[in-house]
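Listed below, chain by chain, are the residues.
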Amino acid sequence: DIGSTSGAVRSLRLLVGFEAKGMWTSATTSASLMGATLGSVLAFWVGEPLGRRRELLVGSSLYLFGSLLCVAAPESGAAYGAVFAGRWLYGLGVAFSMHAAPVYISEMAPSAVRGMLVGGKEGFIVGGILAGFAAAAVGEAALPATSVFRGVWALPVPISLVIF
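Conventions used here
Positions within a chain are numbered from 1, following the residues in the order the chain's sequence is written. The predicted nature of this model means local features are confined to residues of pLDDT at least 70 and side-chain atom pairs, given and counted, to a pLDDT of 80 or more, with totals for whole chains, interfaces and linings taken over all residues. Heavy atoms from the whole structure form the basis of all side-chain values; hydrogens and water molecules are not counted. Helical segments are the DSSP runs of H or I of at least four residues, strand segments are the runs of E of at least two, and each set is numbered from the N terminus. Per-residue accessibility, obtained with a 1.4 Å probe over protein chains only, is compared with the maximum for each type, and a residue is labelled buried under 20%, exposed over 50%, and partly exposed between these values. Whether two residues touch is decided by their heavy atoms; if any such pair falls within 4.5 Å, the residues are in contact. The score called pLDDT rates the predictor's confidence residue by residue, from a low of 0 to a high of 100. What the arc measures is the spread of directions leading from the helix axis to the C-beta atoms. Side-chain atoms within 4.5 Å link the members of a nonpolar core, which is a set of buried Ala, Val, Leu, Ile, Met, Phe, Trp, Tyr and Cys residues.

### Structural notes on the side chain of Arg52
Here is step 1 of the chain: Counting through the fold element by element, Arg52 comes out in helix H3 (residues 52-71).
Here is step 2 of the chain: Residue classification places Arg52 among the buried positions, given a relative accessible area of 17%.
Here is step 3 of the chain: Not counting chain neighbours up to four residues away, the residues in contact with Arg52 comprise Gly47, Ala100, Val103, Tyr104 and Glu107.

### Describing the confidence of the model for the protein chain
Caution is warranted with low-pLDDT regions, since their predicted coordinates should not be read in detail.
Here is step 1 of the chain: Averaged over every residue, the pLDDT of the protein chain is 87; residues scoring 70 or more account for 95%.
Here is step 2 of the chain: Considering each helix and strand of the protein chain separately, the mean pLDDT is smallest for helix H1 (residues 5-16), with a value of 78, and largest for H3, with 93.

### Quick word on the environment of Ser4
Here is step 1 of the chain: One can find Ser4 in the segment before H1.
Here is step 2 of the chain: Separated by 146 residues in the primary sequence, Ser4 and Arg150 have C-alpha atoms spaced 11 Å apart.
Here is step 3 of the chain: Here Ser4 is in contact with Gly132, Phe133, Ala136, Val152 and Trp153, once residues within four sequence places are set aside.

### Structural notes on helix H7 (residues 156-163)
Here is step 1 of the chain: Among the residues making up H7, those that are buried are Pro156, Val157 and Ser160. All buried residues of H7 lie within an arc of 105 degrees about the axis, which places them on one face of the element. In H7, those exposed residues whose orientation departs by more than 90 degrees from the buried face are Ile159 and Val162.
Here is step 2 of the chain: Packing partners of the buried residues in H7 comprise H3, helix H4 (79-108) and helix H6 (148-154).

### A short note on the nonpolar core
Here is step 1 of the chain: Ranked by size, the top nonpolar core spans 15 residues in total, and within it Leu12, Ala73, Ala79, Val83, Phe149 and Trp153 carry the most contacts.
Here is step 2 of the chain: Breaking this core down by element, the ones donating at least two residues are H1, H4 and H6.
Here is step 3 of the chain: Among all residues touching Ala73, those that are not within four sequence positions of it are Ala79, Ala82, Val83, Phe149 and Arg150.

Structure below.
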């Protein structure tokens with residue numbers, strides 16, 4: 001998410017046909033963070049009743065629906081609204097997943113590898129940020145300029161399906 005946003009926002013500007021400055025660019029860039037902020041508060045209350053596994057499934061579902069909403073954004077000025085909503089849902093998924101994952105790993109993993117697995121989760125997050133930058137760069141080189149955001153934000157779809 002962090003890595004892919006810069007290339008995706010440039011692509012979205014071209015699709016809409018005007019230079020979105022200020023509020024729209026800021027809102028699009030920070031929509032997932034807004035969702036994650038609210039999701040962190042929600043996860044605090046609903047995480048325990050859901051349980052770790054179901055909380056991870058909720059997070060994965062939100063990743064899936066948020067990504068699909070971004071990919072299916074209309075070919076018009078309404079694309080910003082659809083992308084904002086999709087990124088916001090994606091951010092909710094981030095909150096639920098990041099709330100549940102460390103505890104789930106520590107509850108399920110044998111004590112001999114528990115720390116390595118929780119640390120590995122953090123490594124995968126950083127690797128995902130790097131992969132997002134790479135996906136945006138490859139997308140800008142290989143895809144039509146107005147479709148880069150669709151290609152970049154479609155990548156989480158198969159990953160979220162694997163969790164199911």
